[in-house]
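One letter stands for each residue in the lines below.
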Amino acid sequence: MAKSKKTPPVATAEEMIEQNSIFGTAPKELPVLPVRNAVLFPGTVVPLSIRRESSRAMLSDLLPEGKVFLALTQKDPEEDSPGERGLHHIGTAMMVLKLLRSDDGSQTLIAQGLYRVAVETFTQDDPYYVAQTTAFPDIVRESTKLEALMLNVRNQAHKVIELAPGVPEEAASVLTAIEAPGELSDFIAANLNLKQDDKQVLLAERNVTKRLRILIEHLQRQIEVLEISGEIQESVREKVDKTQREYILNEQLKAIRKELGEEDDQAAEIARLSLLIAEANMPDAAAKEALRQLGRMKKMPMSSPDYSVLQTYMEVMCELPWDLRSDDTIDVPTAEKILEADHYGLQKVKRRILEYLAVRKLAPDAHGPILCFVGPPGVGKTSLGQSIARSLGRKFIRMSLGGMHDEAELRGHRRTYIGAMPGRILQELRKAGVKNPVYMLDEVDKLASDFRGDPTSAMLEILDPAQNMNFQDNYLNTPFDLSEVLFIATANYLGNIPAPLRDRMEIIEISGYTTREKLMIAKRYLVKRMRKENGLKVKQIKFDDASLIQIIEQYTREAGVRELQRQIGSVCRFVAAKIAMGKSRGRVVTKRLITECLGPRKYSNEVALRRSTPGVATGLAYTAVGGGILFVESTTYPGKGTLRVTGQLGDVMKESAQAAISLIRSRGEKFGISPTVWNENDLHIHVPEGAVPKDGPSAGVTMVTSLVSLLTNRRVRKEVAMTGEITLRGLVLPIGGLKEKVLAAKRAGITEIIIPWENKRDLVAIPKEAQKGLTFYPAKTIDDVLEVALEPK
């Protein structure tokens, strides 16, 4: 609560001066002026800028009758409204000499410090502070030691005046004229370049002897700094003299060469760069900057370090494709054939790409959206970008963003840095030689950030068609037009992309492949590619459908086809080695050959490996590498009702476990669970594969099912898997990534899947082949889930 306002006793400057004993008759209450970034000492005159409304109100109320105020330094200079704790309680009573008002409304106060004051308490805080004070006089004990300290301080101060540049000559005279030790220490402390806290320590020290000792330490440090600074300046002066001498000699050498008729290398280089600038066909702003830098080169000796920096800059400017572009050959039927030839399936993605190309053909000048392919590794995101470049007849650039954490890698470094170069964006365009390539930004979800900057912020300008026509690279210092570049981004996981960056892109999701799709991809592309890479002919190795399905189901477990390609390559190398050693002329790949080459099967039916015991439930997960299944295990043991959750789970998943416990306890009687279970036992929920981080709300129904199974001693049917978020009311909420989860369940041998009721509409996007042999149970509440998942009592 604010204290009531009252006017402090007014003391004029004349009354203060006329006092016989200033400390005995000084006013006890003084209005407070908070001061930032400055410490006022007795006997000094300083200007103070008045910015706060409270300070202006105080001066308006009390001036001109009252001219004595209390200056207290703020502890935190950045604080606009410091409280009592935000002010130092040792300050200086000051007298206002003059108040200056500017036309812009600002005020400056010219004040003289009178004497030290200690604050006993604050008697008013609104609209400005008033403090009850007591005098804080110096403690002076005359002695030989004090005289020696004064002599030492005065000598050191004279040395600082000699070493410091720009100090007026009158300072030494004033310093010599001060005889009182307290006044001497205050004068030096006020004019010495010290930190605010160090000055406050000197102000708060009453013992003059101690104050002089502290000043000696600061003066000695200041002398050392000034001496080192003088040495540095002398060294720089010598280098400058040397550079001037070299310049004169170079000019004389240039004149001698001219007399001898020798070719002037610098003139030849300037002429070469002038020709390159003319041929580069730069925009007016870029050409003006290039000619300006060329003018600087003409005046600079070739031996100067800046000459080589400017030469590199000019070469980069001239080699950038300012006006060079590929001619688009947009033929939608041809593009469709290319996409079909390069990729199997992905009909939705292909349709969107053809729509994009059709719009580019009908409206060439329109700025289309930035496409972002999101999907697991190995599903063909990068190769789709290459197919788009082929269908357009443009050059293709791929830049991996994984692990990039420095904004300068995209925007470049300023030329003040040694070895500075443009950012990766312009470097790749320089190599491509055209300004309209297909530019693939791979792994955009792997961008990092640290103290060097945030590359995702730079990507906002690069990927915004409304801004990238004036892209500013720090190295060029002139805009470059990126609007004709066809940017395509790829990512594995959409959640890692910041929302502003995601908003600038059109997301096209690419799901994992089914077993049949993998079989067709292997027959059409992978077998041919691996056969060619290993030098085999068609008659030397043959894969049938059964052998390829065996490799797909028993030696790979992925959403894409990269591992499948590696395993086919291993079989091809095995056969190639047999042929090279003369042990075979060719082989038909059989089950026996695959086992001999690749070893025993690496993957089997995951559900078959689990015994159906109470407390174990099968869930479905969606990760950056596709779908997968996870097992939730629960157990109980004597305790006090605590819950333990393990398996490297994230915060959202831990909260799902807490929600599951609360739901079951609220419905314990309905489920047939004794209330004493919660007080006499501890519960432990574990999700295996503890080295893999896991998070997300979709395991909620799986946790509830596992716990109910454990506490009712009813086993969960091992052919059933489930996914869905749970609420405290028992509702099952929708989830994402259903297609990937269904494909993972199919691979694992699951035959029945419980899904949220709201996700029924997503079943349309899942291929019929993937749904074959699966039974889906849409669930609205947890009761629907338990009815399907648990075995009968």
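So, here's what we can say about the structure. (Residues numbered from 1 in each chain as written. Predicted model: local features only at pLDDT ≥ 70, side-chain atom pairs only at ≥ 80, totals over all residues. Heavy atoms only, no water.)

**Description of the overall build of the chain**
The line we're drawing: The helix and strand labels rest on DSSP assignments: H or I over at least four residues marks a helix, E over at least two residues marks a strand, and numbering proceeds from the N terminus. Within these notes, the globule rule equals 2.2 Å times the number of residues to the 0.38 power, and the radius of gyration is based on C-alpha atoms. To sort residues, take the accessible area from a 1.4 Å probe on protein chains only and compare it with the maximum for the residue type: under 20% means buried, over 50% means exposed, and anything in between is partly exposed. In what follows, residue pairs with any heavy atoms lying within 4.5 Å of each other are defined as contacts. Computed by Shrake-Rupley with a 1.4 Å probe, the accessible areas treat only the displayed protein chains as cover when residues are assessed. Asp and Glu are treated as the negative residues and Lys and Arg as the positive ones, with His and the ends of the chain left uncounted. To locate a charge, take NZ of a lysine, CZ of an arginine, CG of an aspartate or CD of a glutamate.
Summing up its helical and strand segments, the chain has 29 helices and 24 strands in all. Relative to the 2.2 N^0.38 estimate, which gives 28 Å for 793 residues, the radius of gyration of the chain is 40 Å and therefore markedly larger than a compact globule would have. In terms of its C-alpha atoms, the chain occupies a principal-axis envelope of roughly 115 × 105 × 55 Å. Expressed as a percentage of the 793 residues in the chain, the buried residues total 46%. A separation threshold of at least 6 residues defines the contact pool for the chain, and within that pool the share at least 24 residues apart is 73%. In the form shown here, the chain has an accessible surface area of approximately 40700 Å², with 51% of it arising from carbon and sulfur atoms. Taking the average location of the 109 positive side-chain charges in the chain and that of its 104 negative ones, the two points are 11 Å from each other.

**Re the pattern of salt bridges**
Going by this rule: Salt bridges are defined as contacts in which a side-chain nitrogen from Lys or Arg sits within 4 Å of a carboxyl oxygen from Asp or Glu.
Under the definition given, this model contains 31 salt bridges. The partner of K159 in a salt bridge is E227, and the shortest N-O contact between them spans 3.5 Å. Here the residue K159 occupies a position in helix α4 (residues 144-163), and E227 occupies one in helix α8 (residues 208-260), the gap between them amounting to 68 residues. K159 sits in the partly exposed class, given a relative accessible area of 38%. Exposure remark for E227: the relative accessible area of 34% places this residue in the partly exposed category. Residue D545 pairs with K523 through a salt bridge whose shortest N-O separation is 3.3 Å. Placement of the pair is D545 in helix α20 (residues 545-555) and K523 in helix α19 (residues 515-533), with a sequence separation of 22 residues. What makes K523 partly exposed here is its relative accessible area of 37%. The network of salt bridges with common partners includes D323, R325, K435, D481 and E484.

**Quick notes on the environment of V632**
By secondary structure assignment, the location of V632 is in strand β17 (residues 626-638). Each C-alpha atom, one on V632 and one on L184, is 79 Å from the other, the two residues being 448 residues apart in sequence. Residues contacting V632, with those up to four places away along its chain left out, are G615, V616, A617, I685, H686, V687, T702, M703 and S706.

**Some details on the packing of helix α23 (residues 651-666) against helix α26 (residues 700-712)**
Keep this limit in mind: Under this scheme, a helix contributes an axis fitted over its contacting stretch, all axes are lines through C-alpha atoms, and angles between N-to-C directions fall in the 0 to 180 degree range. Just so you know how the angles are binned, under 35 degrees is roughly parallel, over 145 roughly antiparallel, 65 to 115 roughly perpendicular, and the rest oblique. Left-handed is the label given to a crossing in which the near helix is rotated counterclockwise from the far helix by less than a right angle, and right-handed is the label when the rotation is clockwise.
Two elements in contact, α23 and α26, have axes separated by 9 Å at closest approach and are oriented at 45°. Our classification of the angle between α23 and α26 gives oblique. Between α23 and α26 the crossing geometry is right-handed. Along its contact with α23, which presents M653, S656, A657, A660, I661, L663 and I664, the element α26 presents G700, M703, V704, L707, V708 and L711.

**Notes on the packing of α20 against helix α21 (residues 562-580)**
The N-to-C vectors of α20 and α21 enclose an angle of 125°; their axes lie 10 Å apart at closest approach. By the angle between their directions, the pair α20 and α21 is classed as oblique. Here α20 runs over α21; the crossing is right-handed. In this structure, α20 uses L548, I551, I552 and Y555 to contact α21, whose residues at the interface are E563, L564, Q567, I568 and V571.

**Points about the sheet that holds strand β13 (residues 505-509)**
Two orientations exist for strands paired in a sheet by backbone hydrogen bonds: parallel and antiparallel. Going by this rule: Two strands pair if DSSP finds at least two bridges between them.
Overall, parallel pairing links the five strands, which are arranged β8-β9-β12-β7-β13 in an open sheet. Looking at the sheet topology across the chains shown, the edges are occupied by β8 (396-400) and β13. Recorded for the sheet is a direction-independent mean angle of 25° between the axes of neighbouring strands. In the packing of helix α16 (residues 424-432) onto the sheet, the strands contacted are β8 and β9 (438-442), and the crossing angle to β8 comes to about 150°.

**Section: the side chain of N492**
Under the convention used in this document: The term polar contact refers here to a pair of N or O atoms within 3.5 Å; inside protein, the definition further demands a hydrogen-donor-capable atom paired with an acceptor-capable atom, and it admits residues adjacent in sequence only when both atoms are side-chain atoms.
Tracing the backbone through its elements, the reader meets N492 in the loop between β12 (486-491) and α18 (499-503). A distance of 3.0 Å separates the side chain of N492 from the backbone oxygen of G375, its partner in a polar contact.

**Comments concerning the packing of aromatic side chains**
Here is the rule we go by: We call Phe, Tyr and Trp rings a pair once their centres come within 6.5 Å, taking the six-membered ring for Trp, and we label the pair stacked below 30 degrees between planes, edge-to-face above 60, and tilted otherwise. For a lysine, the NZ atom is tested; for an arginine, the CZ atom; a charge sits over a ring if that atom is within 6 Å of the ring centre and within 35 degrees of the ring normal.
This model, assessed by the stated rule, comprises four aromatic pairs. When the ring of W322 is compared with that of F480, the centres are 4.9 Å apart and the planes differ by 55°; the resulting orientation is tilted. On the criterion of sequence distance, the pair formed by W322 in the loop between α11 (305-319) and α12 (332-342) and F480 in strand β11 (residues 479-480) is long-range, its members being 158 residues apart. Grouping residues by exposure puts W322 and F480 together as buried. Positioned above the aromatic ring of Y313, the side-chain terminus of R415 is 4.0 Å from the ring centre. The ring of W757 is capped by K760, whose NZ or CZ atom sits 3.9 Å from the centre of that ring.

**Here's the deal with a nonpolar patch on the surface**
For the record, the criterion: Two joining distances apply to patches: 9 Å for like charges and 5 Å for nonpolar side chains (Val, Leu, Ile, Met, Phe, Trp, Tyr), and every residue must have over 30% relative accessible area and no salt bridge.
On the surface, a cluster of nonpolar side chains totalling about 340 Å² of accessible area is made up of I228, I232, V236 and V240. Relative to the helices and strands, I228 resides in helix α8. Take I228: its relative accessible area is 48%, and that puts it in the partly exposed class.

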